[in-house]
Structure formats: C-alpha cells, structure tokens
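Examination of the molecular architecture
Spelled out from the first residue to the last, the chains are:
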Amino acid sequence: MTGTARTVTLTLDSGDVDLSFTDDERGKGHPFLLLHGGGGPQTVAGFAGLLAEQRPARVITPVHPGFGGTARPDWLTDVPTLAQVYIRLLEDLGLEDVTVVGNSIGGWIAAETALLGSDRISSVVLVNAAGIHVPGHPVADPFALTPAELSALSFHDVEKFRIDPSTFSDEQRAVAAANMAALQVYSGPHTMADPTLRERLAKVTLPVLVAWGESDQVVDTVYGRAYAAAIPGARFELLPRTGHMPQIETPGQLLPLVWDFAEVHATHRPTD
C-alpha cells in the first residue's frame, strides 16, 4: 500500500488502544477514512491508492485492532466501540470534513460512526455494508463457509477474483485465521448483525450514500435497499456486474460515486 504507515495510541474511556493505519497524502485535499471488511486491510489498499492518486484526496486507512497481525485490547469487543475509536482517531489527527467509507463490516462501523454524530464527519458511504437484520435476507455466515465458498458469494466474476487458500504462506494463513477470529468477536452473537441497528439508523442526520454491487450474495440487494430505507434521506446506488467488494471488482464505478458524493456534501470548500 502506498502511503505512510503509522501507529498511534488512542485513549478512550474504556482504555488505551494502539491503532495502525496508512496515511496517503499524495492527493492532499479532502480527507477520507476508509474502513476495511473482514478480508482485512488489503481489501481496500488498492482503492485507497487509486483515490489518493486520481483525486485531491487524503486517505486514512486503519487496520481494525486484531486484524493484519495487530493486537486487540480485551475491552474492544463490538462495532459501536470500534466506531468510537475511529472518531477518536479523527480528533487525534485534527481532521475535519471527513468522508467515512466502509465496506462489509467496515460499512457497519461507518454506520455506527454516523450515529455518533461527530462534527468532524461531513458524509458517509456504505459499500455493501453488513450490520442490520433484514428478515428473510440474512448476511452469509463467514464462519460457516470455506474461503472458497465465501469467495464464490462475493464476486460477480468469480473466476477472475477467486481466492485459493492453498497458495497462502504459513504467515498468510496465520493472519487470515487471526482476521477471522477478530471478525467473530466484533460481529457478536447474531452473525454479522446487530438487531438494534436498523431502528437506530433513523437518528442519522449526516448525508449517506449506500452503494451496492448487484451480484452480491453475501448481503443481497434487498438487504442493501433496506439499509438505505432505514436512514433518513439516504441515497441508494446499484452497481452492475459487481459483487460484495466493488472497491476491488469495479473501482472505476465506485470511485467517481464516492468522490462526487463527498464533494457535494463537503463543508470546507477551497476558495479561489
């Protein structure tokens, strides 16, 4: 990943947490907080680089504690608390006018940051987010599926993006196992959903874009539309020929959507 790797110690009411993140300032300009899904930080690394390279954007890409070989403190066990960690990071970095973009569980975290109502955030983009309960449309259970099965549900063009765990090194296998263990802790007892979240989303006041790959079989389009419908004023955009991770499969579709939405809702505009 291009950018500067940094680690900061953040202090919350619950305790301290060491947070690792990449800070790509090549594009300077509008700040983005880019939150990865259960596959780990590499699932958004390419998109982060693209955004900083092609737009006047500063892209902060954290590693959720417990992922990517990082440590997770015992008190950090749920998504709402993780959202508080990221608000604290924005405060620590002195960032304002931030667009929070999250994919999968990263989208769930982004939704919880929207509920915290920080004045440092100007807009939120949920990309095939998990987190809500939609009767008849459950989130695919990543803990009951093999990596190959999960990969098959995640992409429109499965052959092009198929993941083959047999090619992993011992180190990659260990990181993948640790990622899955951390995901299980954060996702809680209801398999990638918080039964209270859908109703709570009615309190969101920030502008929200819900972008959804139409071929996603991890969280389907009915689920995506329910997400958007739960958030006052949210905009829903369907991405054709795209699965669960548009930032990997069709970044050329996702990037202008994210950028234009961020710009429209920016609170700090450059002056001539």
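Residues numbered from 1 in each chain as written. Predicted model: local features only at pLDDT ≥ 70, side-chain atom pairs only at ≥ 80, totals over all residues. Heavy atoms only, no water.

**Regarding unusual backbone geometry**
For D97, which is not glycine, the phi torsion reads 60° and is therefore positive. Among the structural elements, D97 can be located in the loop between α2 (79-93) and β5 (98-103). Taking relative accessible area as the criterion, D97 reaches 5% and is therefore assigned buried. Its identity is not glycine, yet R241 carries a phi of approximately 55°, on the positive side. Considering the arrangement of structural elements, one finds R241 in the loop between β8 (235-239) and α9 (246-249). Judged by its relative accessible area of 58%, R241 falls in the exposed class. (Helix = DSSP H or I, 4+ residues; strand = E, 2+ residues; numbered from the N terminus. Buried < 20%, exposed > 50% of the residue type's maximum accessible area, 1.4 Å probe, protein only.)

**Brief notes about the packing of helix α1 (residues 42-54) against helix α10 (residues 251-264)**
Following both chains from N to C, one finds α1 and α10 inclined at 55°, their axes separated by 11 Å at the closest point. Between α1 and α10, the crossing angle belongs to the class labelled oblique. When the axes of α1 and α10 are compared, the crossing they make is right-handed. Two secondary-structure elements touch here, α1 through F47, L50, L51 and Q54 and α10 through P251, L254, L255, V258 and W259. Of the residues assigned to the contact of α1 with α10, the class counts are eight nonpolar, one polar and no charged. (Axes fitted to C-alpha atoms, helices over the stretch in contact; angles between N-to-C directions. Parallel < 35°, antiparallel > 145°, perpendicular 65-115°, else oblique. Left-handed = near helix turned anticlockwise from the far one by under 90°. Contact = heavy atoms within 4.5 Å. Nonpolar A, V, L, I, M, F, W, Y, C, P; charged D, E, K, R; others polar.)

**Overview of empty space enclosed by the protein**
Evaluated as defined, the whole model comprises one cavity of 30 Å³ or more. If you add up the space inside the largest cavity, you get close to 50 Å³. Where the lining of the largest cavity is concerned, the elements lending two or more residues are β3 (30-35), α1 and β5. Looking at which element gives the most residues to the lining of the largest cavity, the answer is β5, with three residues. Residues of the lining of the largest cavity, tallied by class, amount to seven nonpolar, three polar and no charged. (1 Å grid on protein atoms, 1.4 Å probe; cavity = no way out; pocket = protein on both sides within 12 Å on 5 of 7 lines; lining within 4 Å. Points joined across faces, edges and corners; volume = space filled by probe spheres on them.)

**Focus: the pattern of salt bridges**
Opposite charge on two side chains makes pairing possible when the charged atoms of those side chains draw close. According to the stated counting rule, one finds 10 salt bridges in the structure shown. For E112, the salt bridge goes to R200, with nearest N and O atoms at 2.7 Å. Residue E112 is located in helix α3 (residues 105-116), and its partner R200 is located in helix α7 (residues 197-200); the two are separated by 88 residues in the primary sequence. For E112, a relative accessible area of 4% gives the class buried. Look at R200 and you get partly exposed, because its relative accessible area is 26%. In this structure, R173 engages D170 in a salt bridge whose closest nitrogen and oxygen atoms are separated by 3.5 Å. Of the two residues, R173 and D170 both sit in helix α6 (residues 170-187), three residues apart, roughly one turn of that helix. Look at R173 and you get partly exposed, because its relative accessible area is 39%. (Salt bridge = Lys/Arg side-chain N within 4 Å of Asp/Glu carboxyl O.)

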